[in-house]
Amino acid sequence: LGREYDIEGIVVRGAGRGGSQLGFPTANLSYESDVAVVADGIYAGWLTRADGSRHAAAISVGTNPTFAGEKRTLEAYVLDFDEDLYGEQVSISFTERLRQMLKFDNVDELIWQIETDVAQTREVLKRQ
Ligand code: FMN
């Protein structure tokens, strides 16, 4: 990433498995075509709410191949946060790419990897 990149969108309902099955609820963004410029993968970045507050986020862009997804989604797991964001206009900024989107053999492996992503996100954003 040459510079920090921002995408705006409305938070919509996803498949609903992030919170219940994985323990990592995500804000799924309905976005315009500008997400096409962001390569699939996992990123450390920030979610900015309509009220201007900024929150650290681990961001996922891609088709979620572990679940045989077909639709490309942009989702953000907001760290240390448990408020409802549905329907809110938010902005996501991408600070650093952490890894590529992977297909895991089982959900436990994905959960373990997301825990690592979240720890890495904290480290990356602390340096900001
Ligand atoms: N899905 C994958 O299939 N492979 C991944 O490598 C992967 N990495 C993720 C990393 C982070 C930090 C987050 C927040 C999500 C990741 N996901 C990955 C996406 C999850 O599969 C997705 O959030 C989950 O299926 C919930 O989807 P939902 O919000 O539509 O319910």
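Residues numbered from 1 in each chain as written. Predicted model: local features only at pLDDT ≥ 70, side-chain atom pairs only at ≥ 80, totals over all residues. Heavy atoms only, no water.

Some words on the layout of surface pockets
- Size it by volume and the largest pocket reaches roughly 930 Å³.
- If you go around the largest pocket, you meet 50 residues; those closest to its centre are G18, F24, T26, N28 and E75.
- Contributing elements (two or more residues each) for the lining of the largest pocket: β1 (5-12), α1 (17-22), β2 (27-31), β4 (54-62), β5 (73-78) and α2 (107-126).
- A total of 6 residues in the lining of the largest pocket trace back to one element, the largest contributor, which is β5. (1 Å grid on protein atoms, 1.4 Å probe; cavity = no way out; pocket = protein on both sides within 12 Å on 5 of 7 lines; lining within 4 Å. Points joined across faces, edges and corners; volume = space filled by probe spheres on them. Helix = DSSP H or I, 4+ residues; strand = E, 2+ residues; numbered from the N terminus.)

Notes on the sheet that holds strand β6 (residues 89-99)
- Ordered by their spatial adjacency, 6 strands build a closed barrel running β1-β2-β5-β4-β3-β6, and the pairing between neighbours is antiparallel. Taken over all neighbouring pairs, the strand axes of this sheet differ in orientation by 45 degrees on average, direction set aside.
- Bridge count between β1 and β2: 4 bridges; the pairing is antiparallel. Bridging across to β2, V12 finds its partner in N28.
- Sheet strands in contact with α2 are β3 (41-48), β4, β5 and β6, and its direction is about 100 degrees off that of β6. (Pairing = 2+ DSSP bridges. Axes fitted to C-alpha atoms, helices over the stretch in contact; angles between N-to-C directions. Contact = heavy atoms within 4.5 Å.)

What to know about the site of the ligand
- Near the ligand you find 24 residues, and of these A15, G16, R17, E75 and L102 are the closest.
- Between the ligand and G16, the relevant distance is 2.7 Å, taken from an oxygen atom to a main-chain nitrogen or oxygen of the residue.
- R17 has a polar side-chain atom sitting 2.5 Å from an oxygen atom of the ligand.
- When the free accessible area of the ligand is taken as 620 Å², the share hidden by the protein chains comes to 98%.
- If you list the elements that add at least two residues to the shell around the ligand, you get α1, β4, β5 and α2.
- Of the residues in the shell around the ligand, the class split is 12 nonpolar, 8 polar and 4 charged. (Near = heavy atom within 4 Å. Polar contact = N/O pair within 3.5 Å; in protein donor to acceptor, adjacent residues only side chain to side chain. Areas by Shrake-Rupley, 256 points an atom, 1.4 Å probe, with all protein chains shown as cover. Nonpolar A, V, L, I, M, F, W, Y, C, P; charged D, E, K, R; others polar.)

What about the pairing of β1?
- Note: β1 against β6, 6 bridges, orientation antiparallel. Residue I7 lies in a different strand from β6, and its bridge partner there is I92.

Section: the packing of aromatic side chains
- For the structure shown, the criterion picks out 2 aromatic pairs.
- Residues F24 and Y77 carry aromatic rings whose centres are separated by 5.0 Å and whose planes lie at 80 degrees to one another, so their mutual orientation is edge-to-face. In this pair, F24 sits in the loop between α1 and β2 while Y77 sits in strand β5, placing the two residues 53 residues apart along the sequence. Y77 matches F24 in its accessibility class, with the two residues each being buried.
- Where Y43 meets F94, the ring centres are 5.1 Å apart and the plane angle is 85 degrees; that geometry is what we call edge-to-face. With Y43 in strand β3 and F94 in strand β6, the pair connects residues that are 51 residues apart, well separated along the chain. Each member of the pair Y43 and F94 is classed as buried.
- Sitting over the face of the ring of W46, R54 holds its NZ or CZ atom 3.7 Å from the ring centroid. (Phe/Tyr/Trp six-rings, centres within 6.5 Å; stacked < 30°, edge-to-face > 60°. Buried < 20%, exposed > 50% of the residue type's maximum accessible area, 1.4 Å probe, protein only. Lys NZ or Arg CZ within 6 Å of the ring centre and 35° of its normal.)

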